[in-house]
Amino acid sequence: MLSTFLFQIVDSYFVGMLGSNELAALAFSSSAFFLFASLFMGFSVGVSAVIAKAVGAHEREKAATLTMVSLALVALVSISLSFAGRQFIDPTFSALGATVEVLPLLDAYMGTLYLGLPLLMLGIVGSGAARAIGITKQTEVIFAIAGLINLVFDYLLIFGIGPFPELGLAGAAWATGLSFAFIFLGMMVILIRHGLIGTNKLNGALAGLAEIMKFSVSTIFMQLLVPTTGMFTTFLLAGYGSEAVAAFGIVGRIESLALIGIFAVSMAVTPFIAQNFGAEEHERIDQAIIFAGKAAFYLGILLFGTLALLGPTIATIFSDDPAVIEFVGIYFKIVAASYSFQGLVAVTVAIFNGLQMPRVALKIMLVRTFALVFPLLFIGSTLGLWWILAGLAAGNILAAIYAAHLMRQSERTWNRPTANAKPWLEMRQDLRKLLAFAKG
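Overview of the structure.

Each value, and the rule that gives it
- Residues numbered from 1 in each chain as written.
- Predicted model: local features only at pLDDT ≥ 70, side-chain atom pairs only at ≥ 80, totals over all residues.
- Heavy atoms only, no water.
- Helix = DSSP H or I, 4+ residues; strand = E, 2+ residues; numbered from the N terminus.
- Rg over C-alpha atoms; globule rule 2.2 N^0.38 Å.
- Buried < 20%, exposed > 50% of the residue type's maximum accessible area, 1.4 Å probe, protein only.
- Expected span 1.5 Å × (residues − 1).
- Bend = angle between axes of the 7 residues up to and from the residue.
- Core = buried A, V, L, I, M, F, W, Y, C linked by side-chain atoms within 4.5 Å.
- Contact = heavy atoms within 4.5 Å.
- Axes fitted to C-alpha atoms, helices over the stretch in contact; angles between N-to-C directions.
- Parallel < 35°, antiparallel > 145°, perpendicular 65-115°, else oblique.
- Left-handed = near helix turned anticlockwise from the far one by under 90°.
- Nonpolar A, V, L, I, M, F, W, Y, C, P; charged D, E, K, R; others polar.
- Polar contact = N/O pair within 3.5 Å; in protein donor to acceptor, adjacent residues only side chain to side chain.
- Patch = residues over 30% accessible without salt bridge, like charges linked within 9 Å, V, L, I, M, F, W, Y side chains within 5 Å.
- Areas by Shrake-Rupley, 256 points an atom, 1.4 Å probe, with all protein chains shown as cover.
- Salt bridge = Lys/Arg side-chain N within 4 Å of Asp/Glu carboxyl O.

### Looking at the overall build of the protein
- The secondary structure content of the protein amounts to 16 helices and zero strands.
- For 440 residues, the compact-globule estimate of 2.2 N^0.38 gives 22 Å, and the protein sits close to it at 22 Å.
- In terms of overall dimensions, the protein has C-alpha extents of about 60 × 55 × 45 Å along its principal axes.
- The burial tally for the protein puts 53% of its 440 residues in the buried class.

Here's what the structure looks like:
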């Protein structure tokens, strides 16, 4: 995950040297990219959950069939969507508020990036299948090398170093596409080596497809709600000028990298719980629920303290525009205060997915997006720029309260001891242990 999001940070750093319009184009493109990626990340979550359950139940051949079916479906859908996306670049980003100065830059960037997106999508879903059977270190290496490829070719192709042409913003897209190609090739090698790909793995393909779609429809829709919030926020901020949009684009990249620990916990907990659910190891599930919730909350507190203090300094890496730097600083003082609650929502959703309850997970995200965040963002936009950020933070906090309520209801239904747990008391005990450790 770190490598997947890091290329956005690298692109922002180099593109920031080209100008504010180029940075604004990158900000607009990130909304579309995350919408596209979230579709397949949602599918990957569904694939990971059903494969992990099969592995937990000692059905390895079924896991291989599910992998083959999922990759075939991803190839078909991602290529179709990429082709459609390239045909509608101008109307899509015009609707999001892109100006006439920014649209040609978006054509240059997204026209190239769409060509490589199917390769990344296959890599993402492939890595989900690998994680479901316990293969993690090899996938980490593949994504890490891909991040280095993007870094090197960003520098070479954006600025035209040595024999390489100077492509500007389009160079960033080509560099990213090359890293996507490496991810695809590397993941396919891993899956073949571990017996998850082969022509003899298609027995029961139709039944496997039905099982994947039954689970994945909810997770796909759920994941699409995350970038939808970003796109709606971008739309509201566009009314305050391109500087606000560019600043939000920088914030999105920093935030994606900063929240990587919370995202990692949430993504790891789904296959872990699914495997133990298939093996009927309920005590291990209880332990995972407690660990994931506490880890997400503590990471959120740590991030708030760091980003509220260093936000403006980090912003200067990407832009020297005072308005952009001010926005980034205030954003992290307001929105980052809700990261712990955002983390609780993320891990609760992941837990329900692992428990084979994707509809409950989807319910949490629907309430968060349409009943809480969207109305609060809109109300904030009528009051002023900074109230938009306050609305986003308030939505995260209220969504966490709702998610905790549903989690407690589920635990009582299953008659699990965690239903009577008192997380705030446990956190207070953890704090006392930390203070005692600090005193020596």
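Okay, back to it.
### Brief notes about helix H5 (residues 103-132)
- Between the first and last C-alpha of H5 there are 41 Å, a value that for 30 residues agrees with the 44 Å anticipated at 1.5 Å per step.
- Within H5, the axis deviates most sharply at Leu115, by approximately 40°, and proline Pro118 lies no more than four positions further along.
- The buried fraction of H5 amounts to 24 of the 30 residues, a majority that puts the element mostly inside the structure.
- Trailing H5 by a residue or two, Gly134 shows a phi angle of about 95°, which is positive.

### Comments concerning the nonpolar core
- Core analysis: the largest hydrophobic core is formed by 132 residues, its most contacted members being Phe93 and Tyr331.
- In terms of residues, this core owes the most to one element, helix H2 (residues 20-56), which gives 20 residues.
- Apart from the residues lying within four places of it in its own chain, the contact partners of Phe93 are Phe28, Ser29, Ala32, Ala98, Leu103, Leu106 and Met110.

### Description of unusual backbone geometry
- Within the chain, His58 stands out as a residue other than glycine whose phi angle is a positive 60°.
- Of note, His58 is situated in the loop between H2 and helix H3 (60-87).
- A residue is classified by how much of its surface remains accessible, and His58, at 74% relative accessible area, is exposed.
- Here Glu280, not a glycine, exhibits a phi torsion of approximately 60°, which is positive.

### A few points about the packing of helix H11 (residues 282-315) against helix H13 (residues 339-354)
- In contact at an axis separation of 7 Å, H11 and H13 are set at 155° when each is read in the N-to-C sense. Here H13 runs roughly antiparallel to H11, going by the angle between their axes. The handedness of the crossing between H11 and H13 comes out as right-handed. Across from Ile289, Ala292, Gly293, Ala296, Phe297, Gly300, Ile301, Leu303 and Leu307 in H11, the residues of H13 making contact are Tyr339, Ser340, Phe341, Gly343, Leu344, Val347 and Ile351.

### Topic: the packing of H11 against helix H12 (residues 322-334)
- Between H11 and H12, whose axes approach to 8 Å, the crossing angle comes to 175°. Between H11 and H12, the angle is such that the two are roughly antiparallel. From H11, Phe304, Leu307, Ala308, Gly311, Pro312 and Ala315 reach across to H12, where they touch Ile325, Val328, Gly329, Phe332 and Lys333.
- In the contact of H11 with H12, the residues fall into eight nonpolar, two polar and one charged.

### Some thoughts on the side chain of Asp11
- You can see Asp11 is positioned in helix H1 (residues 2-15).
- Among the polar contacts made by the side chain of Asp11, one reaches the side chain of Thr176 at a distance of 3.2 Å.
- Among all residues touching Asp11, those that are not within four sequence positions of it are Leu26, Tyr109, Asn150, Asp154, Ala172 and Thr176.

### Quick notes on the environment of Asp286
- With respect to the helices, strands and loops of the structure, Asp286 is situated in helix H11.
- Sequence separation between Asp286 and Ala399 is 113 residues; the distance between their C-alpha atoms is 22 Å.
- Those residues in contact with Asp286 that lie beyond four places of it in its chain are Arg416, Pro417 and Thr418.

### Looking at helix H9 (residues 242-258)
- A rise of 1.5 Å per residue sets the reference length of H9, with its 17 residues, at 24 Å; its end C-alpha atoms lie 24 Å apart and thus fit the reference within 8%.
- Where burial is concerned, most of H9 is hidden: 13 out of the 17 residues are buried.

### Here we look at a nonpolar patch on the surface
- A contiguous nonpolar surface patch, about 470 Å² in accessible area, is contributed by Phe378, Ile379, Leu383 and Trp387.
- Looking at the nonpolar patch element by element, the count peaks at three residues for helix H14 (residues 358-383).
- Relative to the assigned elements, Leu383 resides in helix H14.

Nothing here speaks to function; it is all geometry.
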